[in-house]
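Spelled out, the chains give:
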Amino acid sequence: MRKIAATILKEWILLKRDLGGIALLFLMPVMMIIVMALIQDAPFKDYQELKFDLLMVNNDKGKLAHEIIEGFIKSKNFNVIENIDGKQLTDESLKKYLQKGTYHVGIIIPAGATAEVVNAANLISNDLSKKLGLGGTLPARESRSTTYVRVLFDPVSKPTFRSSITFAIDKFVTYSCSNMLLQRLSKMAATVEDDKNEATSDFEKVFKGIGVKEEMVFEDKNDKKLINSTQHNVPSWAIFGMFFIVIPIAGHMIREREDGSATRVALIPYSWLMVSLGQIIFYTLVCAVQFWCMMAIGLWFLPLLGLSKLYLGLNVFSLIPISLSIAFTATAYGYFIGSVFKTINQALPLGAVSVVILSALGGLWVPVELLPEVMKKVARFSPLNWGLDAVNTITLRKGNLLEVLPDLLILLSFGLLLWIASMFFNQSRKISVQ
Amino acid sequence: MDGLNLDVKKNSVTGLLGPNGAGKTTCINIICGLVKADDGTARVFDKNCFGAKEEIRKKIGVVPQQIALFGNLTAWENYNYIGSLYNLSKALIHERANYLLERLGLFKHADKRIGRYSGGMKRRANIIASLLHDPELVILDEPTAGVDVQSRALIHDFLQEYHQRNKTILYTSHHLDEAEELCEQVVIIDEGKYILSGSPKELIATTPGTRKLEDVFLHYTGHSVRD
């Protein structure tokens, strides 16, 4: 026990004096969390949570255009712009602004659009009236070719952005047309019932009777805040940073072999196992502290930057064994890299690159759900994914320790395997007093 | 190693001499159980060097040619750590380290990091780390390599004093004048083979045309440069 405690103390002193190592362990993941959370904040938000500038050219000036514009304004997702620098937008100027990239989306409502929709509504109403034998006709002419409300995008806009916006615009246009048709039908019904207002209101009620409402699996006031940039990036980059302990551990181990201090320890009877255990315990604790520091960043610092506050789920204490399991595996991985490779030049680049690859495969950069099917299967082989999955089960799925036990067992077994393999490598390595 | 027969008497100072590549370090590695001999036997305190290496290591102190200390720790921190690994009490570590630091002229530098020591200071600090557990047998591999005359003299005096405390010393060196003065017996090896052994005076007397140990050494190992 004394040997373990002495080793922990020695490692603590060495780490304290290695400012570069401390920066790598603590500042690097903090920077990653802040930068990535800020960058990914918008893509993580549903488009309906964002407010877009929407260029609008109203060539129609009629009721349809008015309703479309009102719809956009009422939706609170769009900032409708019809004038720039005091000048009314035209088809050409709208295209120019989009090409420049100053704005990303624009709409051109063609001249005569209202007349066309009114005519169509009248035609339908007349047809219905005739079939139902209601009598009375509304003025109508033969329908002309389809009139399009044109939606234009900044050429660099992503397809998902385009489809979301197009869908929203289509919804408003359809709503305006339906509304107009409803009014026509109401008008005809009012002629029969002589009660215009009541009939209109009844039609609206009927249409509002069926709708879509999103609900979450769990009843929790935090549910709507869960899927966001903070919730993905904080645990992801915390785990990434923990595995980056490969750099100080491997560097440290190889340096000790090179400068002979490892030989000194090897010559002390019954020490190697205790020293190894002391190192594993120390770095596991460092990694766990690192994890909780990153959680603290998510809880208290990111909200200051306008990002969502990290939510730790209903079983916060379950995160303690999870953080320790990830920390142990990360430490064992560093220990393994430091044991297998002979030189710092081999170990550090390969160690760092392997962590980057394992993190990408493990869904730390992009959530696993968004990866292709093949990559989803590959992700299950990354220890970083086991850790992230366990954290997500507690924070997002409101799970408990029992539910993450399989992930923890895999993590711990893998870590143990790496540690045993490392000790085997170290014992079989030829050590010389020279 | 090939046919080396080396017998180190208790409480003696034995010099293991040979040119570069003679097998001195391999011999030390076998004695302290770091390397297993393919053939033959190596015993220390009547125990097999490889089979009972942990038991043997309790009684031997090895001073490697490399400065086998943690450069980012101070001398005190190094000795506290190494002493703890030997399961020595804090008081005992303090007492022994104090004595050795004082004796080897490092006491006032004990709070400095080893990495900031001069070459001679590092050599002396390296010796102290190997003697903290008060070993019966001390094996020194080139303990005075690359140090100034003052440090060499200090180490030399210290080893003589340490020997007076009924300790056995086995050491290798390229400084043959030092070996001639310090050792009761020397063993010359070359290319892993035993060449001859005896007290320095005896070897000088029995080798024709030699006046000092260096002459004897060159007489038997030749003048060709070794890599």
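Residues numbered from 1 in each chain as written. Chains lettered and ligands numbered in written order. Predicted model: local features only at pLDDT ≥ 70, side-chain atom pairs only at ≥ 80, totals over all residues.

In this structure, what is going on with the overall build of chain B? I would like to understand it.
Within chain B, the regular secondary structure consists of nine helices and eight strands. By the compact-globule yardstick of 17 Å for 227 residues, chain B fits well, its C-alpha radius of gyration being 18 Å. Relative to its full complement of 227 residues, chain B shows a buried share of 46%. For chain B, long-range pairs separated by at least 24 residues make up 69% of all intrachain contacts whose partners lie at least 6 apart in sequence. (Helix = DSSP H or I, 4+ residues; strand = E, 2+ residues; numbered from the N terminus. Rg over C-alpha atoms; globule rule 2.2 N^0.38 Å. Buried ≥ 20, exposed ≤ 12 C-beta atoms within 10 Å, placed from the backbone. Contact = placed C-beta atoms within 7 Å.)

Explain the overall build of chain A here, please?
Across its full length, chain A holds 17 helices and six strands. Here chain A, with 434 residues, has 38% of them falling under the buried criterion. Across chain A, the fraction of contacts at a sequence separation of at least 24, relative to all contacts at a separation of at least 6, is 79%.

Sorry if this is basic, but what is going on with the environment of Asn315 of chain A here?
Residues and elements named next belong to chain A. Among the structural elements, Asn315 can be located in the loop between α12 (272-301) and α13 (319-340). Asn315 sits in the partly exposed class, given 17 other C-beta atoms within 10 Å. Between the alpha carbons of Asn315 and Leu55 there is a distance of 47 Å; along the sequence they are 260 residues apart. For Asn315, the contacting residues outside a window of four places in its chain are Ile394, Asn400 and Leu401.

Help me understand the domain arrangement of chain A in this model?
The accessible area lost on association of the parts is a frequent measure of interface size. Taken domain by domain, chain A comprises domain 1 (2-44 + 228-428) and domain 2 (47-208). For domain 1 of chain A versus domain 2 of chain A, the separation of C-alpha centres amounts to 54 Å. (Domains from an automatic or database assignment.)

Explain the confidence of the model for chain A to me, please; I cannot follow it from the model alone.
Low pLDDT means the predicted coordinates in that region are not meant to be read closely. Taken over all residues, the pLDDT of chain A has a mean of 82, while the share at 70 or more is 87%. Ranking the helices and strands of chain A by mean pLDDT puts α13 of chain A first, with 94, and helix α8 (residues 196-208) of chain A last, with 53. (pLDDT = per-residue confidence, 0-100.)

It is not clear to me how helix α4 (residues 63-75) of chain A should be interpreted in this structure. Could you clarify?
Residues lying three or four places apart along an α-helix face the same way, a consequence of the helix completing one turn every 3.6 residues. Residue and element names in this part refer to chain A. In this model, α4 (13 residues) spans 18 Å end to end at C-alpha, consistent with the 18 Å of a helix rising 1.5 Å per residue. Those residues of α4 lying buried are Leu64, Ala65, Ile68, Ile69 and Phe72. Each buried residue of α4 sits inside an arc of 130° when the element is viewed along its axis, so together they form one side. Two residues or fewer after α4 comes Lys76, characterised by a positive phi angle close to 65°. (Expected span 1.5 Å × (residues − 1). Arc of directions from axis to C-beta.)

Explanation requested: the packing of α13 of chain A against helix α16 (residues 383-395) of chain A in the structure shown.
Relative placement of two packed helices is described by the angle separating their axes and the distance separating the axes. All names here are of chain A. Contact pair α13 / α16: the axes reach a minimum separation of 10 Å and the direction vectors enclose 175°. When the axes of α13 and α16 are compared, the pair comes out roughly antiparallel. For the pair α13 and α16, the contacting residues are Leu319, Ile322, Ile326 and Thr329 in the first and Pro383, Gly387, Ala390, Val391 and Ile394 in the second. When its residues are assigned to classes, the contact of α13 with α16 shows seven nonpolar, two polar and no charged. (Axes fitted to C-alpha atoms, helices over the stretch in contact; angles between N-to-C directions. Parallel < 35°, antiparallel > 145°, perpendicular 65-115°, else oblique. Nonpolar A, V, L, I, M, F, W, Y, C, P; charged D, E, K, R; others polar.)

Teacher, can you tell me more about the environment of Lys100 of chain A here?
With respect to the secondary-structure elements, Lys100 of chain A resides in helix α5 (residues 91-100). Taking the C-alpha atoms as reference points, Lys100 of chain A and Pro155 of chain A, separated by 55 residues in sequence, lie 9.3 Å from one another.

How should the sheet that holds strand β6 (residues 150-153) of chain A be read in this particular structure?
One key point about sheets: their strands pair by backbone hydrogen bonds, in either a parallel or an antiparallel sense. Residue and element names in this part refer to chain A. The sheet built from four strands is open, its strands ordered β2-β1-β5-β6 with mixed pairing. The outermost strands of the open sheet, each flanked by one partner alone, are β2 (78-81) and β6. Across the sheet, the mean angle separating the axes of adjacent strands is 25° when strand polarity is ignored. Pairing of strand β5 (residues 105-109) with β6, which is carried by four bridges, proceeds in the antiparallel orientation. When the bridges of β6 are listed, Gly106 appears paired with Leu152. With respect to the sheet, α4 is in contact with β1 (52-58), β2 and β5, its orientation differing from that of β2 by roughly 140°. (Pairing = 2+ DSSP bridges.)

When you look at the pairing of strand β4 (residues 60-63) of chain B in this model, what are you seeing that I'm missing?
Two faces belong to every sheet, and in a regular strand the side chains alternate between them. Residue and element names in this part refer to chain B. Residue alternation in β4 divides its side chains into two sets, Ile60 and Val62 and Gly61 and Val63, and both sets are buried. Here β4 pairs with strand β5 (residues 137-141) via four bridges, running parallel. The residue of β5 that forms the bridge with Ile60 is Leu137.

For this particular structure, what's the right way to read the interface of chain B and chain A?
In this assembly, 28 residues from chain B lie in contact with 22 residues from chain A. Residue assignment for the side of chain B that touches chain A shows that the elements contributing at least two residues are α1 (24-31), α2 (53-59) and α3 (75-85) of chain B. Counting residues per element, the side of chain B that touches chain A draws most heavily on α3 of chain B, which supplies five residues. In the side of chain B that touches chain A, the residues fall into 15 nonpolar, eight polar and five charged.

Please clarify how the sheet that holds β5 of chain B should be interpreted in this entry.
Residues and elements named next belong to chain B. In spatial order, the strands read β4-β5-β6-β1-β7-β8; together these six strands make up an open sheet with mixed pairing. Unpaired on one side and paired on the other, β4 and β8 (193-198) mark the two borders of the sheet. When the angles between neighbouring strand axes are averaged without regard to direction, this sheet yields 15°. With five bridges joining them, strand β7 (residues 185-190) and β8 adopt antiparallel strand pairing.

Help me understand the pairing of strand β1 (residues 13-17) of chain B in this model?
All names here are of chain B. Here β1 lies mainly inside the structure; five of its five residues are buried. Note: β1 against strand β6 (residues 168-172), four bridges, orientation parallel. Residue pairing for β6: Thr14 is matched across the bridge by Leu170. Taken together, the four bridges between β1 and β7 define a ladder with parallel strand orientation. Note that in β7 the partner of Gly15 across the bridge is Val186.

Looking at this structure, how should I read unusual backbone geometry?
Across the chain, the bulk of peptide bonds are trans and the bulk of non-glycine residues have phi less than zero. All names here are of chain B. For Phe45, which is not a glycine, the phi torsion comes out positive at approximately 50°. By secondary structure assignment, the location of Phe45 is in the loop between β2 (43-44) and β3 (47-48). With a phi angle near 60°, Asn87 is a residue other than glycine that sits in the positive phi range. With respect to the secondary-structure elements, Asn87 resides in the loop between α3 and α4 (90-103). You can call Asn87 partly exposed: it has 16 C-beta atoms within 10 Å.

Looking at this model, I keep getting lost on the environment of Leu218 of chain B. Mind explaining?
The residue Leu218 of chain B is located in helix α9 (residues 213-221) in this model. The class for Leu218 of chain B is partly exposed, based on 13 C-beta atoms found within 10 Å.

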